[in-house]
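Reading the structure
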There are 2 protein chains.
Amino acid sequence: MNKPDIRTLDPSRRASIKRKRSDAVADLIRSHIFQAGLKPDDRLPQEPELIEMFGCSRSTIREALKSLEVQGLVQNTTGPGGGARVAPVSINRIVGLLSNYFYFQSVSAAQIYQIRRLIEPELASSVVGHLTALHFEALEQAIAVQEHHPGGDADWEHHRHAEIDFHDILIDACPNPLLGLVCRFVNEAIRHLIGRSGVQEFAASFTCENVDFHKRLMSAFRSGNAARARRVMLDHVLSAEAIVVPAADRGIDQPVFREPLRLD
Amino acid sequence: MNKPDIRTLDPSRRASIKRKRSDAVADLIRSHIFQAGLKPDDRLPQEPELIEMFGCSRSTIREALKSLEVQGLVQNTTGPGGGARVAPVSINRIVGLLSNYFYFQSVSAAQIYQIRRLIEPELASSVVGHLTALHFEALEQAIAVQEHHPGGDADWEHHRHAEIDFHDILIDACPNPLLGLVCRFVNEAIRHLIGRSGVQEFAASFTCENVDFHKRLMSAFRSGNAARARRVMLDHVLSAEAIVVPAADRGIDQPVFREPLRLD
DNA sequence: TGAATCTATTTATGATGATAAAATGAATAA
DNA sequence: TTATTCATTTTATCATCATAAATAGATTCA
């Protein structure tokens, strides 16, 4: 058969290793979305049209659309007016895909806190002035969850998750999407650590301490004091690190920035 | 027909919105990989067996495998001994998926540098003692690329990419995978910024300055001085920020940490 | 009129069978 | 020995049909 093969039509592709047709089609559609500047909810051609456009079968098109769907770029719906539509790539999807990564690349508490101490204070500072009433409500509720069974042993994991939830809510209010994304990643890494940890010794006092820090953070947020929010968060993270990270793993040379300096 | 539907068998799924079979199968396989502790290169059952196991058709299984392939969890090969194999989720794949995100969520230079000034100095410090001869060679070459046409106007984008390449090489030597991942993200964001920027005014002197900083970094790396590497990198990032970020966007309250403090 | 329900249509989704292409290893020819 | 060819295994792609889901519009009931 003498059908033109997409893989050989594009010179840039031909040089590289043989790719699957479905992947080539997926990339072409992906490029088209960006180059045409399509926005979320814009419609893509329907399956029969795509089959016509790319000269390949339905299953190939479907695999390509599946690929784009997993990437979070498109969403497929049935029914009249349905088909493939452009979707906004959500931060949640990226984080979800990331979680696979941690299964093969385990990260230690020490490694997590090496970054956490740097970015969480920045997060705390940056959300000041951006927290809505809804945010405050959610934050209060996260604190309430932590306070509920302060002594219960079985609730340890529950408390730790509520602790991370508190920080995730801050991310929601963060005006810098990249900072938010990075913080989400670190939180996701912590969640994995909680899941597989045998480090459940530090229960009661740790939770109380965290709640206290969170309340002090709330106070700083309410008063609109970014500098104080930064300081309190730094203390919070360092305090947690001192408990969570085994002393042996705590790098002596790891620096802590206590006070910010200004650009000249 | 009275076939058991995977979507209704799992109580946790039944409650939520209707999912596609292929997604349900993909999740089951994914969970199996993790729960069985499968390692990269371990084989998954072949398509006919999977069809048997899940009681669904070939196309459903193939979509599920496609999904896992896009996620980077498995790799499919043809031929004897082929089939689906577990693959390590690579940092490159995650970054690739992330790049979609930036098309809908644009990030400004100011936002990038808010994070960059925090983590790049940490990166520079952490790679000290972990750079191999190969790393040094690659770093030298990246510098050479930047030096090649210091005045050429058309090379501006080329130089900027070489500048980012230099930092990516450091990431390769970073012993903290999470820090590496975060730095890759920031670099990816910068690459996007370069791609769509109309900010090409600052060309010649900027490149020279960067090369100078890179050479000073190399010196610190060679002498094994982590503290100096940190300081030089901070100066490098701040210098770049002062040029790249419009003064109006430069938040007055953004802090700069010039000297590290120690844990008590 | 207004809301709820039915029905038809559109579209993706799932199933089946056949063919093509890639990878492996064995057999063969130089 | 070395390279080549060939058969085999397994996915990749194709083609077609049947099913399920979602919407729009008509219809019915209050």
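Please refer to the structure higher up on the page.
Residues numbered from 1 in each chain as written. Chains lettered and ligands numbered in written order. Predicted model: local features only at pLDDT ≥ 70, side-chain atom pairs only at ≥ 80, totals over all residues. Heavy atoms only, no water.

Okay, the overall build of chain A next. The helix and strand inventory of chain A stands at 12 helices and 2 strands. When the helices and strands of chain A are listed from N to C terminus, the series reads α-α-α-α-α-β-β-α-α-α-α-α-α-α. Out of the 264 residues belonging to chain A, those deemed buried represent 50%. Restricting to contacts in chain A with at least 6 residues of sequence separation, those with at least 24 account for 67%. Summing over all exposed atoms, chain A offers an accessible surface of approximately 12,200 Å²; the carbon and sulfur share of this is 52%. (Helix = DSSP H or I, 4+ residues; strand = E, 2+ residues; numbered from the N terminus. Buried < 20%, exposed > 50% of the residue type's maximum accessible area, 1.4 Å probe, protein only. Contact = heavy atoms within 4.5 Å. Areas by Shrake-Rupley, 256 points an atom, 1.4 Å probe, with all protein chains shown as cover.)

Near DNA strand D you find 23 residues, and of these Lys20(A), Arg21(A), Ser59(A), Thr60(A) and Arg62(B) are the closest. Put simply, 75% of the atoms of DNA strand D that lie within 4 Å of the protein are in sugar or phosphate. Between DNA strand D and the protein, one listed contact pairs a sugar or linking oxygen with a side-chain N or O atom of Gln46(B) at 3.3 Å. Take Gly79(B): an N or O atom from its main chain is 3.2 Å from a sugar or linking oxygen of DNA strand D. Counting only elements with at least two residues in the surface near DNA strand D, the list comes to helix H3 (21–35) and helix H5 (58–70) of chain A together with helix H4 (47–54), helix H5 (58–70) and strand E1 (74–77) of chain B. (Near = heavy atom within 4 Å. Polar contact = N/O pair within 3.5 Å; in protein donor to acceptor, adjacent residues only side chain to side chain.)

Let's shift gears to the pattern of salt bridges. Applying the stated criterion across every chain, the model contains 34 salt bridges over all chains. Its salt-bridge partner being Arg62(A), residue Glu47(A) comes within 3.4 Å of it at the nearest N-O pair. One end of the pair, Glu47(A), is in helix H4 (residues 47–54); the other, Arg62(A), is in helix H5, and 15 residues separate them in sequence. When its relative accessible area of 24% is taken as the criterion, Glu47(A) is described as partly exposed. Classification of Arg62(A) by relative accessible area gives partly exposed; the value is 36%. Measuring nitrogen to oxygen at the nearest pair gives 3.4 Å for the salt bridge that ties Arg19(B) to Asp27(B). Residue class for Asp27(B) comes out partly exposed when judged on its relative accessible area of 23%. (Salt bridge = Lys/Arg side-chain N within 4 Å of Asp/Glu carboxyl O.)

Here the focus is the protein's contact with DNA strand C. Contacts to DNA strand C come from 20 residues, most closely from Gln46(A), Arg62(A), Lys20(B), Ser57(B) and Thr60(B). Within 4 Å of the protein, the contacting atoms of DNA strand C are drawn from sugar and phosphate to the extent of 77%. Interatomic distance of 2.8 Å between a backbone N/O atom of Ser57(B) and a phosphate oxygen of DNA strand C. Here a base nitrogen of DNA strand C sits 3.1 Å away from a polar atom, N or O, in the side chain of Ser59(B). Only strand E1 (74–77) of chain A together with H5 of chain B provide two or more residues apiece to the surface near DNA strand C. Sorting elements by how many residues they give to the surface near DNA strand C places H5(B) first, with 3 residues. Of the residues assigned to the surface near DNA strand C, the class counts are 3 nonpolar, 11 polar and 6 charged. (Nonpolar A, V, L, I, M, F, W, Y, C, P; charged D, E, K, R; others polar.)

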